[in-house]
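Observations on the model geometry
One letter stands for each residue in the lines below.
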Amino acid sequence: MILFRYLTREVLLTMSAVAGILLLVIMGSRFIRYFSDAAEGDFPVTILGSLMVFHLPGFMELILPLSFFLGILLAYGQLYMNSEITVMVACGMSPTRLLRVTLLPATVVAVLVGLCSLWLTPAGALQTEATLEEQRSRLDVSVLAPGRFQDFGGGRTAYITDFNSDGTEMQEVLVHEQPMAGAEKTHSYITRAGSGYQETNVDTGSRFLILEDGERYGVTPGRQDAERLTFERYTLRLGLSRDRQELNSLEYATTTELWNDPDPRAQAQFQWRAGLPVMVFILALLAQPLSRVNPRQGRFGKLLPAVFLYVAYLSLLLAAVDAIGGGSLAVAVGVWPVHGLFLGLGLLLLWHSQRKGMR
């Protein structure tokens, strides 16, 4: 038990450090992309945190297997560097027994990966797309930022100078409306107002932009005359609150729905989700013999070949999933030959390590 606790602690601590770094890089990249979209007015900044949380399971289902793989390589590599494995061998520790110790934390990681891939990731992807679809269906002044020309939906472009203190009223509003493609009217309208705010009709769900103290100009390209309207209050209808579009992508389907769907694309998605927890155990089997390094090589001696091996494993899985979805690979065969290939490679490396011993 002392050895088990020691080895498990070393592997999990290293895995946590690697996972934290990878998660920080990936989440940071996605955050920058979403923040740029929010700055462009595609959706309000207030939902940015929710979008990142919804994406987290999808990141973790790929980060955890890789970080656990690297955690074993680095932790056991350090033990070889410090000759601690030599002491364990002298105490009767064999590669098979070390593998049994390694598979216990691998089970915990596989359960976490399974929760993400089978349940949390599709639920998070569905919530992400539903949130973005809701924002696309809403014409809301909350997406506007002061001092910028921004598309406002329906062929409208808006510019505002500022909001009032509580953010409910816009100051110095400029709205440009151009005719939509195929529209009979060719007029372009420019409306300027001293202030404006949004109002929603509770009964009909219609949204209106209420502009006060301004002027509205209507011009037709190619003509010299123009229309001019001065108003104290002008109501501009934005549109109706429409229902969310039905999200039928297999990416958002539950695992049970995929299991019951005979379509090859659904079965490919199911096998991808079910194969990720299996991948954790195979990577643990591969990592143990690969972690064996000569003290002169350093603990990073086999890190690069191991990473290439992981990339090859993941690439073959993705290629198999695409082949199943495209119909060029039978569903009955599926992705399991890829798992079998690397399982056989792991057993071969373990057998080779067993023959040479852990000296």
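Residues numbered from 1 in each chain as written. Predicted model: local features only at pLDDT ≥ 70, side-chain atom pairs only at ≥ 80, totals over all residues. Heavy atoms only, no water.

Here, the residues flagged by UniProt with the feature "transmembrane region" (unreviewed entry) are residues 12–32, 52–77, 98–120, 270–291, 303–321 and 327–351. The span residues 270–291 is 95% helical and 0% strand by assignment, and the distance between its end C-alpha atoms comes to 32 Å. Structurally, residues 327–351 comprises 64% helix and 0% strand, and the distance from its first C-alpha atom to its last is 37 Å. (UniProt positions renumbered as here; feature names shortened; annotations may be inferred. Helix = DSSP H or I, 4+ residues; strand = E, 2+ residues; numbered from the N terminus.)

Let's shift gears to the packing of aromatic side chains. One pass over the structure, following the stated rule, counts six aromatic pairs. The interplanar angle of 25 degrees and the centroid separation of 6.3 Å between the aromatic rings of Phe69 and Tyr310 together place this pair among those described as stacked. Separated by 241 residues along the polypeptide, Phe69 in helix 2 (residues 48–81) and Tyr310 in helix 7 (residues 303–326) bring together distant segments of the chain. Residue classification places Phe69 among the buried positions, given a relative accessible area of 0%. Note on Tyr313 and Phe342: the rings are 4.3 Å apart at their centroids and 15 degrees apart in plane angle, and the pair reads as stacked. (Phe/Tyr/Trp six-rings, centres within 6.5 Å; stacked < 30°, edge-to-face > 60°. Buried < 20%, exposed > 50% of the residue type's maximum accessible area, 1.4 Å probe, protein only.)

Residue-level pLDDT values for the protein chain average 83, and 87% of them are 70 or greater. Across residues 242–246, where pLDDT falls below 50, the model places seven contacts with residues more than four positions away in sequence or in other chains. (pLDDT = per-residue confidence, 0-100. Contact = heavy atoms within 4.5 Å.)

This brings us to the side chain of Ser67. Inspection of the secondary structure assignment puts Ser67 in helix 2. Look past the residues within four positions of Ser67 in its chain and what remains in contact with it is Met15, Val18 and Ala19.

Our next topic: the nonpolar core. The nonpolar side chains of a soluble globular protein tend to be buried, and buried together. Ranked by size, the top nonpolar core spans 51 residues in total, and within it Phe68, Phe69, Tyr76, Met279 and Tyr313 carry the most contacts. Secondary-structure elements contributing two or more residues to this core are helix 1 (2–39), helix 2, helix 3 (84–90), helix 4 (95–137), helix 6 (264–290), helix 7 and helix 8 (336–356). If near-sequence neighbours (up to four positions away) are discounted, Tyr313 is found in contact with Met279, Ile282, Leu283, Val338, His339 and Phe342. By size, the runner-up hydrophobic cluster in this structure holds 14 residues, among which are Leu144, Val175, Ala193 and Leu209. (Core = buried A, V, L, I, M, F, W, Y, C linked by side-chain atoms within 4.5 Å.)

As a further point, take unusual backbone geometry. One non-glycine residue, Glu172, adopts positive backbone phi at about 50 degrees. Position of Glu172 among the secondary structure elements: in strand 3 (residues 170–177). Glu172 sits in the partly exposed class, given a relative accessible area of 41%. The backbone of Asp213 shows a phi angle near 55 degrees, a positive value even though the residue is not glycine. Looking at the element boundaries, Asp213 is found in strand 5 (residues 206–219). In this structure Asp213 comes out as exposed when scored by relative accessible area, which is 52%.

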